[in-house]
Amino acid sequence: MSKKDILIELEEKKELYGYQKGDIDKIFDRLDNAASNYHLLYQLPTGGGKTVIFSEITRRYLEQHDKKVVVLTHRIELCKQTSKMLKGFEVKNKIINSSIKELPDQDDYSCFVAMIETLKNRLNDEKLEIENVGLVIIDEAHFNSFRKLFSAFKNAFILGVTATPLSSNIKLPMYENYNELIVGDTIQNLIDKGFLAKATTYSYDVGLTSLKVGINGDYTVKSSDDLYSNMVMQEKLLHAYTEKSLGKKTLIFNNGINTSLHVYESFRHAGFNIRHLDNTTSNEDRKEILRWFKHTPDAILTSVGILTTGFDEPTVESIILNRATKSLTLYFQMIGRGSRRLPDKDSFTVIDLGNNALRFGLWNNPVDWQHIFKSPEYYLASLRDDAEIESNFKYIMPESLRQKFSKTEIVEMDIHEEFKFTVKNNLKAKTIIEKSMEQHATMCVENTNDLAEARKLAKELNDDIEYRIKQYCICLGNVTKNYRSWLTEDYIQKLTIAIGRIYRIKVMEEL
C-alpha cells in the first residue's frame, strides 16, 4: 500500500480509541448531571484526536437531546476540517461563513459550524439567530475571542477543547469562564501506546537578552528579526539542519517574515529544496506550496505564524524552532505539527534555536494542567527568564571545529575560576580578557601555516568569544548590554592584532 493510500485510509477511519472513549464518558457525565449552562474545559495533546472526540460527542448528544449543537472555530480552515469530520460521523451540518447572511433553512440542520467573528457579526446584525441550542463546542478554547459569544448562548452547555488550557491573555484567565477542567491522556502515554511519534530534541544555546517583550507578553517581531536574520544565526540554523535533519521533510517556524525570507535565501543558496510561506501568500500559491510540501520527501518549508493550527501533514519528520516564544501554547502547537504517527514513522526530530525547551521543559515532559488552569499567574511567574537560562550555558566546541585546532591540547578556559584567581591575587579583572585573547591567538597560529589563514580561523571562534565575554560580565556583576557588546567587538579587533604579534614571534623563532 502506498503512503498516499495509507493517509486516505487513516483520514476515513473513525474508530475511537480507549482513551478517547473514556474521556467522552467523563464529558457526558457532566452533560447528564451538571447544570444545563455548565462550562466545561477539556484538554488533550495535539494529535490526540480532539476533533474526533467532539464529533462523536456531537453525534451522541443529538441522538439523546432534541436540541442543536454549535461548533465554533477561529479559522476558516478549521471550519472546513471540522465540518468534514462531523460528516464522517454522520452529523449533517452547515458552515456559517461570510457568504451566509441569514438561516432560512436552519430547521434542516441540527449542527452548525461557524467562525467566531462571522457568527458574532451575524448575531449583531440581528439577521441571523440559531434557535434551541443546547451544546456549544469551542475548538482551540484558549483564544479569548470566544468570550464574545458566551452571552449569546447563556442557557447552553459550553464545552471548550484545547491542548493547552492557558489563556492567550493572562489578564483573562480561563478559570473565569469555565467551571471545571478535565485532563486527557499525557503526551508520553500517547507515545507509549503508539498514538504519537516520539520527539528527539536538540537544543542549541542562543543568547536572547537582546529580545524585547511586547504588550501581548511574547517577544516582538522586530527584535526577533534583528537577532534571527543576522549572519551568525543563519549559519547556526544551517549547521543545525545539516547536522540533525539533513534530507528530512522539515518545517521551520520563525517569528517574522523578514527572518523567514532570510532563511529561504540562505537555504536556497546552499542548494536545499525550500519554499517560504506567510500570511501574505495568496490562497492559490499557498495551496500549491502545501501540495509541493506534501509530495516532496526532502522538502523544507519556512513559515511565519500560519501553520501552527489548522495544518496537518503527518509526513513531517523534523521541526525547527527558529524563534523563541514565551507562549506555552505556541510551543506545543509548533512541535505538535511533527507528532503524527504513521506506519513507517514512529519518531521525529526537534531542533530548538530559542532556548524553548529550557524555558518550558521537553515536549513530552509531564505538565500539571490543573495547576496551570487554576493558577496561571503562578505558573508564568515560575518560568525561568532568559538571563537565568543563559547564565547556565556552557560552551562546548563542536567536534568539527575542534579538529581544526587539533595541534592545541587545551582549548577551554574557565572564566569563573580565572576570576577567583584574580581576586585572590589582587589582580585587575581585565587580565582575564588578556589571557583569554592570548590563548585564542596562540591556537590560531599553532594550527595554520600563514597569517591570513590564522586570522580566517579566528572568525570561527566567535561563539566561544561571546560565551567567554558573557561569563566575564556575569563575574563583574552589573554590566550593561552596550558594554558587553563593545567588549566583544574590542576583543575581536585586538585578537587580530595579537595573532599578528604571535605569528611574527613564531617566524622569528623559526629563522
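Residues numbered from 1 in each chain as written. Predicted model: local features only at pLDDT ≥ 70, side-chain atom pairs only at ≥ 80, totals over all residues. Heavy atoms only, no water.

**A look at the sheet that holds strand S5 (residues 133-139)**
Here comes step 1: An order of S3-S4-S2-S5-S6-S1-S7 is seen for the seven strands of this open sheet, with the pairing classed as parallel. Single-partner strands in this sheet number two, and they are strand S3 (93-96) and strand S7 (180-183). Going across the sheet, the axis of each strand differs from the next one's by a mean of 20°, ignoring polarity.
Here comes step 2: Where strand S2 (residues 68-73) lies against S5, five bridges are found, and the strand directions are parallel. Its bridge partner being in S5, leucine 72 is matched across the sheet by isoleucine 138. (Pairing = 2+ DSSP bridges. Helix = DSSP H or I, 4+ residues; strand = E, 2+ residues; numbered from the N terminus. Axes fitted to C-alpha atoms, helices over the stretch in contact; angles between N-to-C directions.)

**Digging into helix H10 (residues 283-295)**
Here comes step 1: Under the 1.5 Å per step criterion, the end-to-end length of H10 is 18 Å for 13 residues, consistent within 8% with the ideal 18 Å.
Here comes step 2: All of the buried residues in H10 are Arg286, Ile289, Trp292 and Phe293. Viewed along the axis of H10, the buried residues span an arc of 130°, placing them on a single side of the element. Opposite the buried face of H10, by more than 90 degrees, sit the exposed residues Asn283, Glu284, Lys287 and His295. (Expected span 1.5 Å × (residues − 1). Buried < 20%, exposed > 50% of the residue type's maximum accessible area, 1.4 Å probe, protein only. Arc of directions from axis to C-beta.)

**A look at the nonpolar core**
As a rule of thumb, soluble globular proteins bury nonpolar side chains together.
Here comes step 1: Core analysis: the largest hydrophobic core is formed by 92 residues, its most contacted members being Leu119 and Leu159.
Here comes step 2: Per element, the largest residue contribution to this core is six residues, and it comes from helix H11 (residues 328-336).
Here comes step 3: Those residues in contact with leucine 159 that lie beyond four places of it in its chain are Ile27, Leu40, Tyr42, Ile57, Leu135, Val136, Ile137 and Ile138.
Here comes step 4: One finds Leu401, Leu461, Cys473 and Ile499 within the second-largest nonpolar core, a separate group that totals 33 residues. (Core = buried A, V, L, I, M, F, W, Y, C linked by side-chain atoms within 4.5 Å. Contact = heavy atoms within 4.5 Å.)

**Brief notes about the packing of helix H17 (residues 415-424) against helix H20 (residues 462-476)**
Here comes step 1: In contact at an axis separation of 9 Å, H17 and H20 are set at 40° when each is read in the N-to-C sense. In terms of axis orientation, H17 runs oblique to H20. The interaxial crossing formed by H17 with H20 has right-handed handedness. For the pair H17 and H20, the contacting residues are Ile415, His416 and Phe419 in the first and Arg468, Gln471, Tyr472, Ile474, Cys475 and Leu476 in the second. (Parallel < 35°, antiparallel > 145°, perpendicular 65-115°, else oblique. Left-handed = near helix turned anticlockwise from the far one by under 90°.)

**Overview of the packing of helix H2 (residues 18-33) against helix H3 (residues 50-64)**
Here comes step 1: Where H2 meets H3, the closest approach of the two axes is 10 Å, and the angle between their N-to-C directions is 45°. The angle between the axes of H2 and H3 places the two elements in the oblique class. When the axes of H2 and H3 are compared, the crossing they make is right-handed. Of the residues in H3, those touching H2 at Gln20, Ile24, Asp25, Ile27, Phe28, Leu31 and Asp32 are Val52, Ile53, Glu56, Ile57, Arg60, Tyr61 and Gln64.

**Thoughts on a nonpolar patch on the surface**
Here comes step 1: The grouping of Leu476, Tyr483 and Trp486 at the surface amounts to a nonpolar patch, some 290 Å² of accessible area in total.
Here comes step 2: Considering the arrangement of structural elements, one finds tyrosine 483 in helix H21 (residues 481-510).
Here comes step 3: Overall, tyrosine 483 belongs to the partly exposed group, its relative accessible area being 33%. (Patch = residues over 30% accessible without salt bridge, like charges linked within 9 Å, V, L, I, M, F, W, Y side chains within 5 Å. Areas by Shrake-Rupley, 256 points an atom, 1.4 Å probe, with all protein chains shown as cover. Salt bridge = Lys/Arg side-chain N within 4 Å of Asp/Glu carboxyl O.)

**What to know about the packing of aromatic side chains**
Here comes step 1: Evaluated as defined, the whole model comprises 16 aromatic pairs.
Here comes step 2: With 5.1 Å between their ring centres and 80° between their planes, tyrosine 241 and phenylalanine 272 make a pair best called edge-to-face. A residue pair is termed long-range when its members are at least 10 positions apart, and tyrosine 241 in helix H8 (residues 231-244) and phenylalanine 272 in the loop between helix H9 (257-269) and strand S10 (274-277) qualify at 31 residues.
Here comes step 3: Chaining the aromatic ring pairs together yields one cluster made of Tyr331, Phe332, Phe360 and Trp369.
Here comes step 4: Over the face of the ring belonging to phenylalanine 293 we find lysine 249, whose NZ or CZ atom lies 5.4 Å from the ring centre.
Here comes step 5: Across from the ring centre of tryptophan 292, 5.3 Å away, lies the NZ or CZ of arginine 275, which sits over that ring. (Phe/Tyr/Trp six-rings, centres within 6.5 Å; stacked < 30°, edge-to-face > 60°. Lys NZ or Arg CZ within 6 Å of the ring centre and 35° of its normal.)

**Structural notes on unusual backbone geometry**
Trans is the prevailing form of peptide bonds, just as negative phi is the prevailing case for residues other than glycine.
Here comes step 1: For glutamate 140, which is not a glycine, the phi torsion comes out positive at approximately 50°.
Here comes step 2: Of note, glutamate 140 is situated in the loop between S5 and strand S6 (157-162).
Here comes step 3: With a phi close to 55°, asparagine 355 is a non-glycine residue in the positive phi region.
Here comes step 4: Inspection of the secondary structure puts asparagine 355 in the loop between strand S13 (347-352) and helix H12 (356-360).
Here comes step 5: The class of asparagine 355 is buried, set by a relative accessible area of 3%.

**Things to note about the sheet that holds S10**
Here comes step 1: Across the sheet, six strands lie side by side as S8-S13-S12-S9-S11-S10; this open sheet has parallel pairing. Strands with a single pairing partner mark the edges of an open sheet, and in this sheet they are strand S8 (198-203) and S10. Averaged over all pairs of adjacent strands, the angle between strand axes in this sheet comes to 20°, irrespective of strand direction.
Here comes step 2: Of the pairings in the sheet, the one linking strand S9 (residues 250-254) to strand S12 (residues 318-321) comprises four bridges and is parallel in character. Among the inter-strand pairings, isoleucine 252 is bridged to a residue of S12, identified as isoleucine 320.
Here comes step 3: H10 contacts S9, S10 and strand S11 (300-304) of the sheet and is inclined by roughly 145° relative to S10.

**Structural notes on the pairing of S12**
Within a regular strand, the side chains alternate between the two sheet faces.
Here comes step 1: Covered by surrounding structure in S12 are Ser318 and Ile320 together with Ile319 and Leu321, the residues of both alternating faces.
Here comes step 2: Since S12 and S13 lie parallel, the crossover through H11 that links them has a hand, and here it is right-handed. (Right-handed = clockwise from strand over helix to strand, strands pointing away.)

**Some remarks on the side chain of serine 318**
Here comes step 1: Take serine 318: it is sitting in strand S12.
Here comes step 2: One polar contact links serine 318 to serine 245, side chain to side chain, over a distance of 2.6 Å. (Polar contact = N/O pair within 3.5 Å; in protein donor to acceptor, adjacent residues only side chain to side chain.)

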